[in-house]
Amino acid sequence: MRMRWIRGCAVLVVLVVTLFSLAGCGTTPSVGSGVSLEIRVLGVTAYTARIQMTFANRSSATFYPMRYTGKGEECSLWSGTCATVEMSIPIDGNPLLPGEVRSVTGEVLIGNNYTRVRWIEIVIEGRLGSSWITVSSNRVYF
């Protein structure tokens, strides 16, 4: 009877340890994930901006970008009111290998005869190993 009780406790301890070790799978790690995104403005005209985006993966796992969101503040030239809007930004969706740094240069529309974008930033959601992470860029102003 005593051996059955000890064996039952041992099985329970193994199950608890297994559950606690699996509890971290699929969660979002802290900011120090090792994946970064930086934006630099290379040039600005009345209607477009040429930007350079530098992706870096300093972790030991491959980063798989899944969803991109470009956000910016757009202001009306006539009324002066501003609002945060989502925008389309062309980004390469290929996986980023461990230790890889990749730069992409592109042009984004920042104005027309009615509105002007004041700033943009990019947020990328993706998988790093078995975890889902969110990587935010710096905010650049025009």
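Residues numbered from 1 in each chain as written. Predicted model: local features only at pLDDT ≥ 70, side-chain atom pairs only at ≥ 80, totals over all residues. Heavy atoms only, no water.

Caption draft 1: The overall build of the chain, seen in detail. Of regular secondary structure, the chain possesses one helix and eight strands. Of all 142 residues assigned to the chain, the portion counted as buried reaches 32%. Once local pairs closer than 6 in sequence are excluded, the contacts in the chain between residues at least 24 apart make up 68%. Element-wise, carbon and sulfur atoms account for 58% of the exposed surface of the chain, whose accessible area totals about 9,100 Å². (Helix = DSSP H or I, 4+ residues; strand = E, 2+ residues; numbered from the N terminus. Buried < 20%, exposed > 50% of the residue type's maximum accessible area, 1.4 Å probe, protein only. Contact = heavy atoms within 4.5 Å. Areas by Shrake-Rupley, 256 points an atom, 1.4 Å probe, with all protein chains shown as cover.)

Caption draft 2: The arrangement of the packing of aromatic side chains in detail. According to the stated counting rule, one finds zero aromatic pairs in the structure shown. Taking the ring centre of Trp119 as reference, the NZ or CZ of Arg139 above it sits at 3.6 Å. (Phe/Tyr/Trp six-rings, centres within 6.5 Å; stacked < 30°, edge-to-face > 60°. Lys NZ or Arg CZ within 6 Å of the ring centre and 35° of its normal.)

Caption draft 3: Spotlight on the sheet that holds strand β5 (residues 101–109). A sheet is described by the order of its strands in space; here three strands give the open sequence β1-β2-β5, paired in antiparallel fashion. Both edges of this open sheet fall to β1 (35–44) and β5, since each of them pairs with a single strand only. Each neighbouring strand pair of the sheet contributes to a mean axis angle of 20°, computed without reference to strand direction. Where strand β2 (residues 48–57) and β5 come together, nine bridges link them in antiparallel fashion. Paired with Arg50 across the bridge in β5 is Glu107. (Pairing = 2+ DSSP bridges. Axes fitted to C-alpha atoms, helices over the stretch in contact; angles between N-to-C directions.)

Caption draft 4: Representation of the pairing of strand β3 (residues 63–76) within the structure. Alignment of β3 against strand β6 (residues 115–128), held across 13 bridges, turns out to be antiparallel. Bridge pairing in β6 places Pro65 opposite Gly126. Of the strand pairs in this sheet, β3 and strand β4 (residues 82–87) are connected by six bridges, and their pairing is antiparallel. Counterpart to Cys75 in the pairing with β4 is Cys82.

Caption draft 5: Representation of the environment of Trp132. Relative to the elements of secondary structure, Trp132 occurs in strand β7 (residues 131–136). In this structure the C-alpha to C-alpha distance between Trp132 and Pro65, which are 67 residues apart in sequence, comes to 9.7 Å.

Caption draft 6: Quick peek at the nonpolar core. Within the largest apolar cluster, 21 residues are counted, with the highest numbers of intra-cluster contacts made by Leu37, Met53, Phe55, Phe63 and Ile120. When residues no more than four places from it in sequence are discounted, the contact partners of Leu37 are Met53, Thr54, Phe55, Ile122, Ile124, Val135, Ser136, Ser137 and Asn138. (Core = buried A, V, L, I, M, F, W, Y, C linked by side-chain atoms within 4.5 Å.)

Read these as spatial facts, not as claims about activity.
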